[in-house]
Amino acid sequence: MSFLHSFALISLLTVVLSILNYRGLEIVGKASLLVCVVAMSPFVLMTIIGAPQVVVERWFQMPEEPEDGSSLFDDAFQTSPG
């Protein structure tokens, strides 16, 4: 095989593999964008559904009486039935 044939074959193979790589990047990019949209859609949907129920005035209110935390501990590690 002459140098010209060898160069042409290697160049053709390089161009074909570069085109295949470029097309693959486009397909993988679109697929990852689709996966991202599908994964984020439940969070967006729940935010849209829950946004009207938010009462902003309550964000800055302090509790009437301070809690000691024992009820939180009891609820988190409840050992008694019922």
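Before going into details, it helps to say that this report is about the structure given with it. It should be emphasised that the depicted structure is a prediction, and the values quoted were computed from it without experimental measurement. All chains use their own residue numbering, which begins from 1 and follows the written sequence. In keeping with the predicted nature of the model, local features appear solely for residues at pLDDT of at least 70, side-chain atom pairs appear and are counted solely at 80 or more, and the whole-chain, interface and lining totals rest on all residues. Note: side-chain values were computed over all heavy atoms of the structure, leaving out hydrogens and water.

**A look at the overall build of the chain**
1) Next: Segments assigned H or I by DSSP are reported as helices when at least four residues long, segments assigned E as strands when at least two residues long, and all are numbered from the N terminus. Secondary structure assignment for the chain yields two helices and zero strands.
2) Next: A total of about 8,200 Å² of accessible surface is found on the chain, and carbon and sulfur atoms cover 72% of it. Residue exposure ignores everything except the shown protein chains as possible cover, and the areas themselves are Shrake-Rupley values with a 1.4 Å probe.

**Quick word on helix α1 (residues 3-50)**
In an α-helix there are 3.6 residues to a turn, and that puts residues three or four apart on one side.
1) Next: Helices are assigned an expected span. That span is 1.5 Å times one less than the residue count. Under the 1.5 Å per step criterion, the end-to-end length of α1 is 70 Å for 48 residues, consistent within 8% with the ideal 70 Å.
2) Next: The angle between axes fitted to the seven residues ending at a residue and the seven residues starting there is what we call the bend at that residue. Its axis deflected by about 35° at Ser41, α1 carries its strongest bend there, up to four residues before the proline Pro42.

**Let's talk about the packing of aromatic side chains**
1) Next: Any two rings among Phe, Tyr and Trp, with Trp reduced to its six-membered ring, count as a pair given centres within 6.5 Å; such a pair is stacked if its planes are under 30 degrees apart, edge-to-face if over 60, and tilted if neither. Overall, the coordinates contain one aromatic pair when judged by the stated rule.
2) Next: A centroid spacing of 6.2 Å and a plane angle of 25° characterise the contact between Phe3 and Phe7, whose relative ring orientation is stacked. Here Phe7 and Phe3 lie together in helix α1, a separation of four residues that amounts to about one turn.
3) Next: Judged by its relative accessible area of 71%, Phe3 falls in the exposed class.
4) Next: What makes Phe7 exposed here is its relative accessible area of 51%. Each residue's exposure class comes from its accessible area (1.4 Å probe, protein chains only) as a fraction of the maximum for that residue type: buried when under 20%, exposed when over 50%, partly exposed otherwise.

**A word on the pattern of salt bridges**
When the charged atoms of two side chains with opposite charge come close together, those side chains can pair.
1) Next: The working definition used for a salt bridge is a side-chain nitrogen of Lys or Arg within 4 Å of a carboxyl oxygen of Asp or Glu. All told, the structure shown has two salt bridges when counted by the stated rule.
2) Next: Note that Glu26 and Arg23 form a salt bridge whose closest N and O atoms lie 3.1 Å from each other. Separated by three residues within a single helix, Glu26 and Arg23 lie in helix α1, roughly one turn from each other.
3) Next: For Glu26, a relative accessible area of 29% translates into the label partly exposed.
4) Next: For the salt bridge of Glu26 with Lys30, the shortest nitrogen-to-oxygen distance reads 3.4 Å. Here Glu26 pairs with Lys30, and both are found in helix α1, just four residues apart, close to one helical turn.

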